[in-house]
Structures are given as C-alpha cells and as structure tokens.
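So you can see what is in the structure, the chains are spelled out below.
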Amino acid sequence: ALCHSGNGRYGYVVELRGEQPALFGDYRVQAAMVDGLGASYAELAESVTGWLIEDGRKSHGGCGILSLLQKGFDGKGKKEMVRRVWVMEAIAGQAANSFYVEQLPQAEKEVRGALIYALRHCQENEGLLLELVRKERGNNRKMACYALAEMGGKGAWDYFRTLAAKKPEEAMEYLEQSERPEAAGLAAEILMRLLSGLKESGKKPEKEEAALLTLCLRSLPGKSGEEICACYRQAASFGSALD
C-alpha cells in the first residue's frame, strides 16, 4: 500500500496507522514509508512525511530513519527528495548539516532550495549562505535569505541592514518569520521610520507605503522587546486614521 498504486490504499494505511502504530516502527516498514514520500497520491505522501517526522523524533534523533532517507538520495530528483530533506531537518537539524552541504553542489531546483533552507540549523553556514545569496537566483536565492534571517552572525545582519536601506519591502519579507532579536530590532526600525513619516505628513499612506506597512504589521507576531512595544504605541496613536 505504501509502495504501489491502487484504489483504497490511502485509507488502509491511515486506518492501520491508527490501530497498530507500533508496526510503523519496523525497519522494513520505515523503508517503505521513505518510498511512500514519492507517492502519486499527495495526501499519502504528506501523511507519510508527518509520520516519519513523528517517529524519528521519538527514536533518539531517528538514526535508522535518517540512514534510509540519505540512502539513494538524488539532488536532481523531484518532490520526493524535497520531502526527504524536510524530514531530515525536522528530526536531525544541525546533526545532518554535513549531508546538506555535501549534496548541495549537484542539487537542482526545489531540492536545492530545500537543502539551502536546511543550512539555517548551523551557524557555521553563515558564510556559505551569504555566498549563496549573491550567486543564486529566483526561489533558491529566497531560500538562502530566509535561512540567513535565522542566523545570529554579524555578516547576516549587516546584509539585512543594507537591504533594508535599499529595499525595505524585500527585507521585511525575509524578516517576517524570523524570531531573532536582530530581526525584531530591524523590523521595528523600518516600521518606526514609516510611521514617523506618515505622522509628519498627516496623509494616508500611498500604495507603496501601504504595502510596506502591511508587511511590517504582519511581521510583528513572535517579535518582542522595547523597540517593538514602541512601534505598537506609535501605531496606536493613529487611531483609525490609517484605515
């Protein structure tokens, strides 16, 4: 049911998972689950992804599952390989960093993007990510920026401060999910600058200002500190004037 096609197999696997979850701890079944990451039925592949993560976290770092995920890994593969990376980083994080780095040179498209984003787990990857930000294009460059926003090094935040000065909208996109204190400080700086300008002009925001304001407000959940509190107070002082 995990490895082949056919009607009813999704319901069968889900039912068995609920009734006899211990069966899924068998190494042979785990190997079939890794194969199931490439299932043509998306719901099955997504469920298997979650089960592998759940089981891997329970088994002291998921060493057995990790070896299965790494065996036969193809950096030029499709969604199945992307899911393998998701499971690996969820159960091993930094412990699998050497694998992410080793696979990167030959990886392509979505698999490359997933590997790049997985680099965020290890601070030592800051220099590599800065290099990737310069060299990559499209979605893979975005993945490098998102990963860099999880770093605590000076190089990462020098980059984002420069980006915020030139392209604040782009900077805010990458800062939205980051809970780093540096992200909170920089997001607050961008928002306060915008709010102060609107307060001084007394006008409603133009289209570009409104778009940036939306990005800034969307980034606030998960961020804290006096600078963020000051932003909330400044925003509250507008009442309903900004619509």
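Cut-offs and rules
- Residues numbered from 1 in each chain as written.
- Predicted model: local features only at pLDDT ≥ 70, side-chain atom pairs only at ≥ 80, totals over all residues.
- Heavy atoms only, no water.
- Buried < 20%, exposed > 50% of the residue type's maximum accessible area, 1.4 Å probe, protein only.
- Helix = DSSP H or I, 4+ residues; strand = E, 2+ residues; numbered from the N terminus.
- Arc of directions from axis to C-beta.
- Axes fitted to C-alpha atoms, helices over the stretch in contact; angles between N-to-C directions.
- Parallel < 35°, antiparallel > 145°, perpendicular 65-115°, else oblique.
- Contact = heavy atoms within 4.5 Å.
- Nonpolar A, V, L, I, M, F, W, Y, C, P; charged D, E, K, R; others polar.
- Left-handed = near helix turned anticlockwise from the far one by under 90°.

Draft legend 1. A look at helix H1 (residues 9–19). Considered for burial, the residues of H1 that qualify are Arg-9, Val-13 and Arg-17. An end-on view of H1 places all buried positions within 70° of arc, on one side of the element. Opposite the packed face of H1, turned more than 90 degrees from it, sit the exposed residues Gly-18 and Glu-19.

Draft legend 2. Seen up close, the packing of helix H10 (residues 154–166) against helix H11 (residues 168–175). Relative orientation of the contacting elements H10 and H11 amounts to 140°, with a least axis distance of 6 Å. Relative to H11, the element H10 lies oblique. For the pair H10 and H11, contact is made by Trp-157, Phe-160, Leu-163, Ala-164 and Lys-166 and by Pro-168, Glu-170, Ala-171, Tyr-174 and Leu-175, respectively. Here the contact of H10 with H11 is composed, by residue class, of eight nonpolar, no polar and two charged.

Draft legend 3. Layout of the packing of H1 against helix H3 (residues 42–58). Contact geometry of H1 with H3 gives a least axis separation of 10 Å together with a crossing angle of 20°. In this view, H1 runs roughly parallel relative to H3, as classed from their interaxial angle. Our pair here, H1 against H3, has a crossing hand that is left-handed. Contacts between H1 and H3 pair Arg-9, Tyr-10, Val-13, Val-14 and Arg-17 from the former with Glu-43, Leu-44, Ser-47, Trp-51, Glu-54 and Asp-55 from the latter. Classifying every residue of the contact of H1 with H3 by side-chain character gives five nonpolar, one polar and five charged.

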